[in-house]
Each structure stands twice: as structure tokens, then as C-alpha cells.
Amino acid sequence: MSSAEMVTRAKERIEEIGTEEGIRLFEDPDVVFVDIRDVRERQKLGFIPGSIHCPRGMLEFWVDPESPYFKDVFAEDKKFVFHCASGWRSALSVSTLNDMGFEAAHLKDGFNDWAKQGGPVEQSP
């Protein structure tokens, strides 16, 4: 199976949020955006203000309360919206998290579309 096929299958079974809806959700205090892009992508292209950066390689460990790497933010009663650059990595990630019993959604078209459509973007200092 190709990576594109894996992404297609993942997208069929997860909650996808379009960019316009994501921008509307940005002001909601009960929504947490989680950026799984590489730190260099965040530094070069900016990030959604207030988003949490979670390296994709640590994702399952940060979300799992039984892991020694668990992050308390993931225990909050909030809606978590994960994103990457174009929606592929985040689709696979959210599919895995859902398999673990962690409810999450992803930004369907990723950060690139967010920035293109005028969503708030903060630059690294």
C-alpha cells in the first residue's frame, strides 16, 4: 500500500475540519490546535498562534496517560485539532490516535491552506 493510499484510508475514518471552519474555531477557548510539523517548518513558515508543537515522533507518547512522556495538556476536556503542512501527516496521526481511544480531528488541508486563506499566523522570534 502506498502512503497516498494510507492517507486516503485514514481520511475516510477521521474527523476532518476545513480551513474556513478551522479559522472560525481559532477563537474558541475549548479548541487546541496541535502542530505536528517539524520544528524547522514552524520556524520558517510560522505557526498558528497558541498552537502546541508536538513532534510527530512523540505524538503517541505525549497523548498516552500511561506513558512516562505524557503531557497534561492532552488530558484537558478540549477539542484537539492536529495539523501538518498539507493534511497528510495529520490524517495518519489522528487515525492512530483514534485507534488509541483519543478523540481528535485534523485540519484537512493543513497549515499551508490556513496561511493562504488568511488564518492567523505567528512568526518565530
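Residue indices follow the written sequence of each chain, beginning from 1 at its first position. Per-residue local features of the predicted model are confined to residues with pLDDT of at least 70, and side-chain atom pairs are confined, for both listing and counting, to 80 or more; whole-chain, interface and lining totals are unaffected and use all residues. Computation of side-chain values covers all heavy atoms of the structure but excludes hydrogens and water.

*Asks:* If you had to explain the environment of Arg9 to someone new, which residues and values would you point to?
*Replies:* Relative to the assigned elements, Arg9 resides in helix H1 (residues 3–11). Burial status follows relative accessibility: with a 1.4 Å probe on protein chains alone, a residue under 20% of its type maximum counts as buried, one over 50% as exposed, and anything between as partly exposed. According to the relative accessible area criterion, Arg9 is exposed, its value standing at 52%. The spatial distance from the C-alpha of Arg9 to the C-alpha of Leu25 is 26 Å, given a sequence separation of 16 residues. Only DSSP runs of H or I reaching four residues or more are called helices, and only runs of E reaching two or more are called strands; each is numbered from the N terminus.

*Asks:* Explain the pattern of salt bridges to me, and be specific about the residues and the numbers.
*Replies:* Salt bridge, as used here: a side-chain nitrogen of Lys or Arg that lies within 4 Å of a carboxyl oxygen of Asp or Glu. Per the stated rule, a full pass over the model turns up seven salt bridges. Across the salt bridge formed by Lys11 and Glu16, the nearest N and O atoms sit 3.6 Å from each other. Classification of Glu16 by relative accessible area gives partly exposed; the value is 28%. Between Arg13 and Asp99 there is a salt bridge whose closest N-O contact spans 2.3 Å. Of this pair, Arg13 sits in the loop between H1 and strand S1 (15–17) while Asp99 sits in helix H5 (residues 88–99), placing them 86 residues apart in sequence. Linked through salt bridges whose partners overlap, the residues forming this network are Asp35, Arg37 and Arg42.

*Asks:* Before we move on, can you summarise the side chain of His106 with the specific residues and values?
*Replies:* Tracing the sequence through the fold places His106 in strand S5 (residues 105–107). Polar side-chain contacts of His106 include one of 2.8 Å to the side chain of Ser90. By the convention used here, residues are in contact when the closest approach between their heavy atoms is within 4.5 Å. Those residues in contact with His106 that lie beyond four places of it in its chain are Lys11, Ile14, Glu15, Glu16, Ile17, Val81, Phe82, Gly87, Ser90, Ala91 and Val94. A 3.5 Å cut-off defines polar contacts: any pair of N or O atoms within that distance qualifies, except that in protein one atom must be a possible hydrogen donor and the other a possible acceptor, and neighbouring residues in sequence count only when both atoms are side-chain atoms.

*Asks:* So, the nonpolar core: which residues are in play, and what are the values?
*Replies:* Joining through side-chain atoms within 4.5 Å is the link that ties buried Ala, Val, Leu, Ile, Met, Phe, Trp, Tyr and Cys residues into a set, and such a set is a nonpolar core. Ranked by internal contacts, the top residues of the largest apolar core, which has 19 residues, are Val34, Phe74, Phe80, Phe82 and Phe102. Broken down by secondary-structure element, the contributors of at least two residues to this core are H1, strand S2 (31–35), helix H4 (59–63), strand S4 (79–83) and H5. Setting aside residues up to four positions removed in sequence, Phe102 forms contacts with Val63, Phe74, Phe80, Phe82 and Leu97. Formed by ten residues, the second largest nonpolar core is a distinct cluster that contains Phe33, Ile48, Val81 and Leu107.

*Asks:* A description of the sheet that holds S1 should follow, citing residues and the corresponding values.
*Replies:* Judged by pairing direction, the sheet is parallel, and its five strands sit side by side in the order S1-S5-S4-S2-S3 without closing on themselves. Sheet topology places S1 and strand S3 (52–53) at the edges, where each strand pairs with a single neighbour. Here three bridges tie S1 to S5, and the two strands are oriented parallel to one another. Opposite Glu16, over in S5, you have His106 as the bridge partner. Paired strands are those between which DSSP finds at least two bridges.

*Asks:* Break down the packing of aromatic side chains for me, citing the residues and quoting the values.
*Replies:* For Phe, Tyr and Trp, rings pair up if their centres lie within 6.5 Å, where Trp contributes its six-membered ring, and each pair is then called stacked (planes under 30 degrees apart), edge-to-face (over 60) or tilted (otherwise). According to the stated counting rule, one finds seven aromatic pairs in the structure shown. Look at Phe26 and Trp114: their rings are 6.2 Å apart centre to centre, the planes differ by 65°, and that puts the pair in the edge-to-face class. One end of the pair, Phe26, is in the loop between helix H2 (19–25) and S2; the other, Trp114, is in helix H6 (residues 110–116), and 88 residues separate them in sequence. For Trp114, a relative accessible area of 0% puts it in the buried group. Pairing Phe80 with Phe102 gives two aromatic rings, centres 5.4 Å apart and planes at 45°, and the pair type is tilted. Highlighted residues: Phe80 in strand S4 and Phe102 in the loop between H5 and S5, separated in sequence by 22 residues. Residue Phe102 is classed as buried on the basis of its relative accessible area of 11%.

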